[in-house]
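# Notes for the structure review
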Amino acid sequence: MLRTLVVVLGLILASGESQAQQAEFKISGHGSRPCSEILKSFDNKGGVNFRKLQYISWVHGFITSYSYQKNSPIDTDWNHAMPFIGLYCNKHKNETLLDASPQLLNHLLKSKNK
């Protein structure tokens, strides 16, 4: 009985450690930018805003990566997607573009399933 308990506890601990290792990653580049900075790029007073285009490209890559991994295309209307990021960032100024992107993805997936 004690041996079974030790084996079960060992499996549980190993499982938890495996899950924790999978969740750890490092992000750099545009995905690590805070929402407060993302919002500044939305204040476009005419002309081309290259910083905003870089953020759009990063989010596009994030969505494309998910779509590729799941082998499930996701149509994205960028006229609505980036305003969604803007609304999210307005409410969560201390979070990053990486935090906002899964929220957009979830929104797109819900829209796709309607």
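The coordinates are above.
This write-up is about the structure you can find in this document. Along each chain, numbering runs from 1 in the same order as the chain's sequence is written. Only residues with pLDDT of 70 or above have their local features reported here, since the model is predicted, and side-chain atom pairs are shown and tallied only from 80 upward, although totals for entire chains, interfaces and linings are computed over all residues. Side-chain figures throughout are based on the complete set of non-hydrogen atoms in the structure, without hydrogens or water.

### A closer look at the overall build of the protein chain
Convention followed: Elements are defined by DSSP. Helices are runs of H or I of four residues or more, strands are runs of E of two residues or more, and each kind is numbered from the N terminus. Categorising residues by exposure relies on relative accessible area from a 1.4 Å probe, with only protein chains included: less than 20% of the type maximum marks a residue as buried, more than 50% marks it as exposed, and the intermediate range marks it as partly exposed. It only takes one pair of heavy atoms within 4.5 Å for two residues to be counted as in contact. Methods summary: accessible areas were calculated by the Shrake-Rupley approach with a probe of 1.4 Å, and residue burial reflects only the protein chains presented.
Within the protein chain, the secondary structure is distributed over five helices and zero strands. Tracing the protein chain from N to C terminus, the helices and strands come up as α-α-α-α-α. When the 114 residues of the protein chain are sorted by exposure, 24% land in the buried category. Here the analysis covers contacts within the protein chain between residues at least 6 apart in sequence; of these, 65% occur between residues at least 24 apart. Roughly 8400 Å² of accessible area belongs to the protein chain as shown, and the carbon and sulfur atoms make up 56% of that amount.

### Comments concerning the environment of leucine 105
Looking at where leucine 105 falls in the secondary structure, it is placed in helix α5 (residues 97-112). Here the alpha-carbon distance between leucine 105 and threonine 76, two residues 29 residues apart in the chain, equals 9.5 Å. Every residue in contact with leucine 105, bar those within four places of it in the chain, is listed here: Phe62, Ile63, Tyr66 and Ile74.

### Examining the pattern of salt bridges
What counts here: Just to be clear on terms, a salt bridge is a Lys or Arg side-chain nitrogen sitting within 4 Å of an Asp or Glu carboxyl oxygen.
Counted under the stated rule, the structure contains one salt bridge. One salt bridge in this structure joins arginine 33 and glutamate 37, with 3.4 Å as the shortest N-O distance. Arginine 33 gets classed as partly exposed once you look at its relative accessible area, which sits at 28%.

### Quick look at helix α4 (residues 78-91)
Residues lying three or four places apart along an α-helix face the same way, a consequence of the helix completing one turn every 3.6 residues. We apply this condition: Residue count minus one, scaled by 1.5 Å, sets the expected span of a helix. Working note: the arc is built from the helix axis to C-beta atom directions.
Relative to the 20 Å expected for 14 residues at 1.5 Å per residue, α4 spans 20 Å between its end C-alpha atoms, a close match to the ideal helical length. Every buried residue belonging to α4 is among Ala81, Met82, Ile85, Gly86, Tyr88 and Cys89, and all of these are buried. Each buried residue of α4 lies within a common arc of 165 degrees when the element is viewed along its axis, so the set occupies one face. Exposed residues pointing more than 90 degrees away from the buried face of α4 are listed as Asn79, His80, Leu87 and Lys91. Check the buried side of α4 and you find it contacts α2 (35-42), α3 (50-70) and α5.

### Structural notes on α2
The complete set of buried residues in α2 reads Cys35, Ile38, Leu39 and Ser41. The arc that holds every buried residue of α2, seen down its axis, measures 155 degrees, which confines them to one face.

### Quick look at the packing of aromatic side chains
The criterion, for reference: We call Phe, Tyr and Trp rings a pair once their centres come within 6.5 Å, taking the six-membered ring for Trp, and we label the pair stacked below 30 degrees between planes, edge-to-face above 60, and tilted otherwise. Geometrically, a charge over a ring is one whose NZ (Lys) or CZ (Arg) sits within 6 Å of the ring centre while staying within 35 degrees of the ring normal.
On inspection of all chains with the given rule, the structure shows one aromatic pair. Cation over ring: lysine 52 sits above phenylalanine 42, and NZ or CZ is 4.7 Å from the ring centre.

### Quick word on the state of the cysteines
Put simply, the rule reads: In plain terms, two cysteine sulfur atoms within 2.5 Å form what is called a disulfide here.
Under the criterion given, the structure shown has one disulfide. Between the sulfur atoms of cysteine 35 and its disulfide partner cysteine 89 the distance amounts to 2.3 Å. An S-S torsion of about -50 degrees defines the bridge between cysteine 35 and cysteine 89 as left-handed. Here cysteine 35, found in helix α2, pairs with cysteine 89, found in helix α4; they are 54 residues apart in sequence, far enough to count as distant. Assessed through its relative accessible area of 0%, cysteine 89 is described here as buried.

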